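Summary of structural features
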Amino acid sequence: MKFHEIPENTQIPAGEYLLHMPSNAVVVCGRHRTAESKIQAMTNGQVFEDEISNFKRISLTKKERKNNFKSKTCGSCKKVPA
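Figured I'd write up the structure that's included with this text. Predicted model, so just to flag it, every value in this text is computed and none were measured.

Describing the overall build of the chain
Along the chain, the regular secondary structure elements total one helix and six strands. Mapped in sequence order, the helices and strands of the chain form the string β-β-β-β-β-β-α. When the 82 residues of the chain are sorted by exposure, 20% land in the buried category. The contacts in the chain between residues at least 6 apart in sequence include a share of 40% that link residues at least 24 apart.

Take a look at the structure:
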């Protein structure tokens, strides 16, 4: 898992997971205000707003993504009846 700085002119979509550096917590991006250079995020059910410089983007390799995220189906639907 790697963390990358967020440039000022980059758009961040709502729902993207970010690392909030001061609290060292993974948060969900709610809204990105480019004019004020602030991000509104949510963690533990609470919404807060902070400067873009306090957030980092999270990037996973394909192997990490495969190991960390499970399939949404259990697989029984894919079985062919005999």
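Focus on the nonpolar core
Counting residues in each nonpolar core, the largest one holds nine residues, listed as Ile6, Ile12, Leu18, Val27, Cys29, Ile39, Ala41, Ile52 and Phe55. Listing elements by their share of this core, those giving two or more residues are strand E3 (25-33) and strand E4 (38-43). When residues no more than four places from it in sequence are discounted, the contact partners of Leu18 are Ile6, Ile12, Ala25, Val26, Val27, Cys29, Ile39, Phe55, Lys56, Arg57 and Ile58.

Points about the packing of aromatic side chains
Taken as a whole and judged by the stated rule, the model has one aromatic pair. Both rings, one in Phe48 and one in Phe55, keep their centres 6.3 Å apart while their planes meet at 15°; by these two values the pair is stacked. For Phe48, a relative accessible area of 23% gives the class partly exposed.

Side note on the side chain of His32
By the element assignment, His32 lies in strand E3. Here His32 falls in the buried class, since its relative accessible area comes to 13%. Once you skip the residues sitting within four places of it in the chain, His32 turns out to touch Thr10, Gln11, Ile12, Lys38, Ile39 and Ile52.

Quick look at unusual backbone geometry
Despite not being glycine, Ser37 has its phi angle at roughly 50°, a positive value. With respect to the secondary-structure elements, Ser37 resides in the loop between E3 and E4. Not every positive phi belongs to a glycine, and Asn44 is a case in point at roughly 50°. Locating Asn44 in the fold gives a position in the loop between E4 and strand E5 (46-51).

Notes on the pairing of strand E6 (residues 55-59)
Looking at chain direction, strand E1 (residues 2-5) and E6 are connected through four bridges and run antiparallel. The residue bridging Phe3 from the neighbouring strand is Ile58, located in E6.

Conventions used here
Residues numbered from 1 in each chain as written. Predicted model: local features only at pLDDT ≥ 70, side-chain atom pairs only at ≥ 80, totals over all residues. Heavy atoms only, no water. Helix = DSSP H or I, 4+ residues; strand = E, 2+ residues; numbered from the N terminus. Buried < 20%, exposed > 50% of the residue type's maximum accessible area, 1.4 Å probe, protein only. Contact = heavy atoms within 4.5 Å. Core = buried A, V, L, I, M, F, W, Y, C linked by side-chain atoms within 4.5 Å. Phe/Tyr/Trp six-rings, centres within 6.5 Å; stacked < 30°, edge-to-face > 60°. Pairing = 2+ DSSP bridges.

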